[in-house]
Amino acid sequence: MSSDTHAPSVAPVELTAAKITDDILAPVFKFPPFAWWGAFLTAAGLTGALFLAFALHCVEGIGIFGINSTIGWGNYIVTYVFWIGIAVSGTLVSSILFLFRQRWRNAINRSTEAMTVFAVSVAGLFPALHTGRPWVDYWLMPYPNDLDLWPQFKSPIIWDVFAITGYATTSVIFFYLGLIPDLATVRDRAKHPLQKMIYGALAMGWKGTASDWRHYERSYAQFAWLATPLVLGMHSTIATLLAVGQVPGWHSTVFPPYFVSGAIFGGLAMALALLIPMRAAFQLKQYITIDHLERIAKIMLACGLIVTYVYITEFFTAWYSESVYERGQFLWYRLSGPHAWAWILMQTCNTLIPQLLWFRSVRRSIGGLMFVALAINLGMWLERFVISCLSLEADHLPANWSYYTFSGWDWFILLGSFGMFFTMFLGFIRVAPVISIAEIKSVLLQPKRIHASRPDGTNTGVSEVNRG
Amino acid sequence: MVDPINAPPTTSPTPEVPYVAGFWKDPQAFKIAASAARDAGHTGIQAYLPYPVHGIEPILGLERSFIGRPVFAVSILFFIIAYHMQYHQQVVNFPMIYGGKPFHTWQLFVVVTLETGLLLGALVNLLLCFHTCRLVPNPAFKPMHPRLSDDTFCLALPITASSDAQSLVAWFRRLGSDEVEVDERAGAASARDEHREVHHA
């Protein structure tokens, strides 16, 4: 386990704007190493498996998966909520921390925004396919039609359609808007005419005038204001999707805050799992420092405590309710049922292991952080499995009780979703700056507040000078 | 001398007239030059920045961007439209008892209302940003200076009857600019090389 406990958080190298650009754009202009190709092709292969399973699903129907008449929400919904949770934390970093003026976010917001966009892209496929007939999914939208049919706006399923559509669209345009000045930097650095042309088109003719920056920064802040309620609304809607049902196990706590805190918890764990290898592979330790990782770990610890509190609340409420089925779900089925292993592993990963983050030595240890992050990722997938499948397995009608197992195609779906996510992420880190160049410069090269004067000694009215 | 508080905005989005441009690597020197240009009463100042520099807007007489208000208005408008759409469907066009709830149950209309208004607000925000920054796909874009998006700040002043190219070049040099460039449209195509000088302070 490598430890950076006593290492300086920033390497003692003088930073200039040109050096920052060189460092961050290095992966874009260098031919990828073999390790990247290996990872990319593996991920692309898994993506192929995912779409093979989707194709078979469209031909054969939803029966190729492990779901049955009792457990109608299986892997599709579990994996869907998992990826949506990953997406939520990206918005936390890009929007909520922005609104709280947390400038340390500038080192990690680009990668977490990319994570958001790719996670939403993966997640969005699952409910669309779970309808069973994805080719008529457009029926979910309120469009004019001959039969004057409307979607049922009182149904949480329709809320989910609006929530996902709104969130996915806003995330993509927020991500792209943030990229524009950096794409202009790539455009101006590119040597190959084709690169110049492509990045020129993507940069939309960005000139960087003072007036442009004024409107751009205002627009960016506006997006942060819009994205924050969108993301909180979206994951709360998914929680409500469950909570309005009658299944035991979905009422014993307040689901929306439970889901939102769990999503941030799991999403930041995924962010750590991505940032740690990325900063090492691209020599970005000077920008994504151990201090950044420690701050993420602290937020994870706080969210982990909320999640732990919710787990305890669920058991207390189930016991206090004196409802036979709620008590049966929590005090018997989850603790000693056939899927008790999932619940025990979930508690280990989400409740016990994150307590290691109380120790500064763990928070500043790369190996320790990676271990905790991977454990939380596993735990958060299992949490959705426990909520969805275990609750459905033992509902109010004992004659209906059943047991959920993965079919072979479920494994294609689960592993393929990771493949699709990593294909997009690995592709992204080779074609676009993984750190927001303009934002990191404005933080690292920000002038100090001291008095300044012109060469002739007269006051400029400007009270700052450059740190460098 | 121009009053910096009450001065009108003195920048324009593109250099539409012949200009002389000074370039700086140091943001502080750039801010000092911008301040000096404002104090000297220059109008039509163009400033190019590779990254945002705190405090440059008041120096250039730029006011707060107007983008927030229309986005807010559009969001409110689509809150109303989305709510009305649901009300019309649930109460007027297709009244149906669902889960034993009244036809008009405002609590159940909140999510679609919120999401629709915010989404449309976001789209309008993007369009306004594109419009105000004049962003259109431009594969053949040629920057004024190759490092303007990297580490170089630029101040461009229009050539006028009272400020000819020679005096502006001298003025920029006095302010310690790293490079000075005269616009080719000023009838001095060859002057580009002649006047370009690099000062290593």
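Residues numbered from 1 in each chain as written. Chains lettered and ligands numbered in written order. Predicted model: local features only at pLDDT ≥ 70, side-chain atom pairs only at ≥ 80, totals over all residues.

**Focus on the overall build of chain B**
Next, step 1: Along its length, chain B carries six helices and four strands.
Next, step 2: Listing the helices and strands of chain B from first to last along the sequence gives β-α-β-α-α-α-β-α-β-α.
Next, step 3: For chain B, long-range pairs separated by at least 24 residues make up 72% of all intrachain contacts whose partners lie at least 6 apart in sequence. (Helix = DSSP H or I, 4+ residues; strand = E, 2+ residues; numbered from the N terminus. Contact = placed C-beta atoms within 7 Å.)

**Comments concerning the interface of chain B and chain A**
Next, step 1: Taken together, the contact between chain B and chain A spans 67 residues of the former and 64 residues of the latter.
Next, step 2: Secondary-structure elements contributing two or more residues to the side of chain B that touches chain A are helix H1 (27-39), strand E2 (46-48), helix H2 (56-60), helix H3 (68-93) and helix H4 (110-132) of chain B.
Next, step 3: For the side of chain B that touches chain A, the element with the highest residue contribution is H4(B), accounting for 14 residues.
Next, step 4: Considered class by class, the residues forming the side of chain B that touches chain A number 40 nonpolar, 20 polar and seven charged. (Nonpolar A, V, L, I, M, F, W, Y, C, P; charged D, E, K, R; others polar.)

**Description of H1(B)**
Residues and elements named next belong to chain B.
Next, step 1: Over its 13 residues, H1 extends 18 Å from the first C-alpha to the last, a length consistent with the 18 Å expected when each residue adds 1.5 Å.
Next, step 2: The buried count for H1 comes to 12 of 13 residues, which makes it a mostly enclosed element.
Next, step 3: Burial in H1 covers these residues: Pro27, Gln28, Ala29, Phe30, Lys31, Ile32, Ala33, Ala34, Ser35, Ala36, Ala37 and Arg38.
Next, step 4: On its buried face, H1 sits against strand E1 (19-24), E2, H2 and strand E3 (153-158).
Next, step 5: Trailing H1 by a residue or two, Gly41 shows a phi angle of about 85°, which is positive. (Expected span 1.5 Å × (residues − 1). Buried ≥ 20, exposed ≤ 12 C-beta atoms within 10 Å, placed from the backbone.)

**Considering helix H15 (residues 437-444) of chain A**
Next, step 1: Where burial is concerned, most of H15(A) is hidden: seven out of the eight residues are buried.
Next, step 2: In this structure, the buried residues of H15(A) make contact with helix H1 (17-29) and helix H5 (156-189) of chain A.

**Thoughts on the domain arrangement of chain B**
Next, step 1: Structurally, chain B comprises domain 1 (19-64 + 147-195) and domain 2 (68-132).
Next, step 2: Computed over C-alpha atoms, the centres of domain 1 of chain B and domain 2 of chain B are 47 Å apart. (Domains from an automatic or database assignment.)

**Side note on the environment of B:Val124**
Residue and element names in this part refer to chain B.
Next, step 1: Looking at the element boundaries, Val124 is found in helix H4.
Next, step 2: In this structure Val124 comes out as buried when scored by C-beta crowding, with 20 C-beta atoms within 10 Å.
Next, step 3: Distance from Val124 to Arg69, taken between C-alpha atoms, is 11 Å for residues 55 residues apart in sequence.
Next, step 4: Apart from the residues lying within four places of it in its own chain, the contact partners of Val124 are Pro70, Val71 and Val74.

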